[in-house]
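# Residue-level structural notes
Residue-level listing of the chains:
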Amino acid sequence: MPLSSADPKFRVAICGAGIGGLALAVTIGKFANQDIHIDLYEAHDATTTGGAGVVLSSRTMEVMKELDMYEEISRVSTKPPSSSHALKVRRSDMPQGGFEWLQSPPTVSSHMNHQHLVETLKQNLPSSCSLHFNKRLTRYDKQLSGSLILHFADDSTSATDVLIGADGIYSSVRKTFFETLDEDVIDPSKIRHYVDPSWTGTLVYRTVFPAKKLSELDPDHIALTNFIIFCGKRKHVVSYPVSQGTLINVVALVTDEDKAGTPFEGRWASSVSHEEVQESYQDFESAVKNLLKCFENPSRWALHVVNELPLSAYDRVALIGDACHAMTPHFGAGAGQAIEDAFVLGRLLAHPLTTLDNLPAALKAYQDVRLPFAQFVARESELRGRMWDFELSSTAGGEVQEELEIQKEKLLAQWEWEGRDRPVAEWLEAERKLQESIGVSNGLLT
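In every chain, residue numbers begin from 1 and rise along the written sequence. Per-residue local features are limited, in this predicted model, to residues with pLDDT of at least 70; the limit for side-chain atom pairs, both in listing and counting, is 80 or more; totals at the level of whole chains, interfaces and linings are taken over all residues. To get the side-chain values, all heavy atoms of the structure are used, and hydrogens and water are removed first.

This brings us to the pairing of strand β1 (residues 11-15). For β1, a buried count of four out of five residues is recorded, marking the element as mostly surrounded by other parts of the structure. Bridge analysis of β1 against strand β2 (residues 37-41) gives five bridges, and the strand direction is parallel. Counted as the bridge partner of R11 is H37 from β2. The rule for pairing is simple: two strands pair if DSSP sees at least two bridges between them. Segments assigned H or I by DSSP are reported as helices when at least four residues long, segments assigned E as strands when at least two residues long, and all are numbered from the N terminus. Taken together, the four bridges between β1 and strand β13 (residues 162-165) define a ladder with parallel strand orientation. Accessibility here uses a 1.4 Å probe with only protein chains present; expressed as a share of the type maximum, an area under 20% marks a residue as buried, one over 50% as exposed, and anything in between as partly exposed.

The structure is reproduced here in structure tokens:
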């Protein structure tokens, strides 16, 4: 029989007003016709973000088109998203001068300031969304009715029908999610493995500075107009222009693989001296040294990730973005994967077939489509980082050039991931799974 238009809708609570949380609220608002109320909770007093630069791939730009945000993103991007360009990779651990050993196939991607992306998403929040600041979730409780009570650090509470954890790598939603699952769903001995982030053994030095500063020091520097990676043994530097070329975003990484998985001693994020940043790259070519000389207020981050989770949704709770699959930055895909999560999940929640009663089915459809792909990207990102650091030796004492050629073949093959299961196709697959799970075909109950 035809589905009734009077099927009840529900309340959605999103914890975390970062890129993923904002994109989810925008998606629900666009496709739900204002019949779902959204509460978006942010732990801080503003929607500020860590990190200065973000890369949106052609996959993610496909989502922006679906959300009618393509033109807005174009205006705040370093280059119009329609501009094809290639990533340049150099071997740089050579003081006398390095050389370019790889150039990616032309890609369509957008480089932009992280905060500009957040502000653009925020400006597109629907009127059905209420944004709450200084609301740090500590835990949630499930009621007999199926609704959820959220508890915040300020001792306030709130009720919702479905909870989405978009609260990052330190996710409180993920913590309660795994700590409250039944033993027949999850092995209790693995709870800490899923809840606690894991150190990769990598230290990341970050900065953003005016492009003019570099142009005055080195007018022909390759980083002024290119997305470039300077590679060396167990360390590499990533640089690309943001804010329409007026700023340069630089990330320098140093890795000790023997420390991966061990506890990191000290603060995960801290300010450091210019000397500490430059010390690790004394054996690099002058282009890298000049780039590092321009660092302003450098910070050091201990790079942590979320271990692979066995599930990202259960009952009326789901995880997206870094709360679900915080990954290494070597693909520049963290923000994009959060947006793809948000798009597929938002479309499912907004779907006319999704009701209060079948919310778990909608969340499982999201999980079954998005979790495997996001975890694939995370694994490939880790692999790429090892390639940038020349840590995938394929030859026993072989020539360096031979090794570079082997790595080049692997990397060129790896770039094919962007063409897999693009977001709109993922959404259609998730819709099909939702229909199957509730016994619907072509809008009719079967």
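Looking now at the nonpolar core. In this description, a nonpolar core means a group of buried Ala, Val, Leu, Ile, Met, Phe, Trp, Tyr and Cys residues linked to one another through side-chain atoms lying within 4.5 Å. Core analysis: the largest hydrophobic core is formed by 56 residues, its most contacted members being V12, I14, L56, L117, I164 and L345. Top element by residues in this core is helix α11 (residues 334-350). It accounts for nine residues. Ranked by size, the runner-up nonpolar core spans 26 residues in total, among them F178, I191, V317 and L319.

Before going further, it helps to spend a moment on the packing of aromatic side chains. Each pair of aromatic rings taken from Phe, Tyr and Trp, with Trp reduced to its six-membered ring, is defined by centres within 6.5 Å and is described as stacked if the planes are under 30 degrees apart, edge-to-face if over 60, and tilted in the remaining cases. Summed over all chains, the structure comprises nine aromatic pairs. A ring pair is formed by W101 and F390, whose centres lie 5.9 Å apart and whose planes are at 55°; its orientation type is tilted. Residue W101 is located in strand β6 (residues 99-103), and its partner F390 is located in the loop between α12 (359-388) and α13 (400-414); the two are separated by 289 residues in the primary sequence. Residue class for W101 comes out buried when judged on its relative accessible area of 4%. Geometrically, the ring pair formed by F178 and Y194 is tilted, given 5.2 Å between the ring centres and 35° between the ring planes. Within this pair, whereas F178 is found in helix α5 (residues 172-179), its partner Y194 is found in helix α6 (residues 191-195), the two being separated by 16 residues in sequence. For F178, a relative accessible area of 0% corresponds to the buried category. What makes Y194 buried here is its relative accessible area of 10%. Taken together through their ring pairs, the aromatic side chains of F177, F178 and Y194 make up a single cluster. Sitting above the plane of the Y70 ring, K65 keeps its charged end 4.9 Å from the centroid. Positioned above the aromatic ring of Y281 is the side chain of K235, whose terminal nitrogen or guanidinium carbon lies 5.9 Å from the ring centre. Comment: the charge-over-ring label is applied if NZ (Lys) or CZ (Arg) is within 6 Å of the ring centre and within 35 degrees of the ring normal.

Note on scores: pLDDT gives the predictor's confidence for each residue, bounded by 0 and 100. Taken over all residues, the pLDDT of the protein has a mean of 88, while the share at 70 or more is 86%. For residues 1-8, every residue scores under 50 in pLDDT, and the model assigns this stretch nine contacts once sequence neighbours within four places are set aside. Contacts were defined at the residue level, with two residues in contact if any of their heavy atoms lie within 4.5 Å.

A fitted line through C-alpha atoms serves as each axis, taken over the contacting stretch for helices, and the angle formed by two N-to-C directions is quoted from 0 to 180°. Close contact between helix α2 (residues 58-66) and helix α14 (residues 423-437) brings their axes to 8 Å; oriented N to C, the two are set at 70°. If you check the angle between α2 and α14, you find them roughly perpendicular. Side by side, α2 and α14 meet where R59, E62, V63 and E66 of the first sit next to P423, V424 and E426 of the second. Residues are grouped as follows: nonpolar covers Ala, Val, Leu, Ile, Met, Phe, Trp, Tyr, Cys and Pro; charged covers Asp, Glu, Lys and Arg; every other residue, Gly included, is treated as polar. Taken together, the residues of the contact of α2 with α14 break down into three nonpolar, no polar and four charged. Reported orientations rely on four angle classes, namely roughly parallel under 35 degrees, roughly antiparallel over 145, roughly perpendicular from 65 to 115, and oblique for the rest.

With that settled, the discussion passes to α11. One full turn of an α-helix is made of 3.6 residues, so residues set three or four places apart face in the same direction. Helix span, expected: 1.5 Å multiplied by one less than the number of residues in the helix. Taking 1.5 Å of rise per residue, 17 residues should cover 24 Å, and α11 covers 24 Å from first to last C-alpha, within 8% of that figure. Most of α11 is tucked away, with 16 of its 17 residues classed as buried.

Attention shifts here to the pattern of salt bridges. One side-chain nitrogen of Lys or Arg within 4 Å of one carboxyl oxygen of Asp or Glu is enough to make a salt bridge. Evaluated as defined, the whole model comprises 25 salt bridges. In this structure, the salt-bridge partner of R192 is D196, at a minimum N-O distance of 3.1 Å. We classify R192 as partly exposed; its relative accessible area is 39%. Of the charged contacts, one joins K213 and E296 as a salt bridge, the two residues approaching to 3.3 Å between their closest N and O atoms. Taken together, the residues K213 in helix α7 (residues 211-217) and E296 in the loop between α9 (286-293) and β19 (299-305) connect sequence positions 83 residues apart. Overall, E296 belongs to the partly exposed group, its relative accessible area being 31%.

With that settled, the discussion passes to unusual backbone geometry. Notably, Q244 is not glycine yet its phi reads approximately 55°, a positive angle. Looking at the secondary structure, you find Q244 in the loop between β16 (235-242) and β17 (247-255). Although it is not a glycine, D315 adopts a positive phi angle of roughly 55°. Residue position: D315 is located in the loop between β20 (313-314) and β21 (317-319). D315 sits in the partly exposed class, given a relative accessible area of 27%.

The next subject is a negative patch on the surface. Patch membership requires more than 30% relative accessible area and the absence of a salt bridge. Residues of like charge join within 9 Å; the nonpolar side chains Val, Leu, Ile, Met, Phe, Trp and Tyr join within 5 Å. To measure how exposed things are, a 1.4 Å probe is used in the Shrake-Rupley method; for residues, cover is taken only from the protein chains shown. His is not counted here, nor are the chain ends, while Lys and Arg score as positive and Asp and Glu score as negative. In plain terms, the charge of a residue is placed at NZ if it is Lys, CZ if Arg, CG if Asp and CD if Glu. A cluster of acidic side chains, namely D182, E183, D184 and D187, defines a negative patch on the protein surface. Summarising the element assignment, E183 is placed in the loop between α5 and α6.

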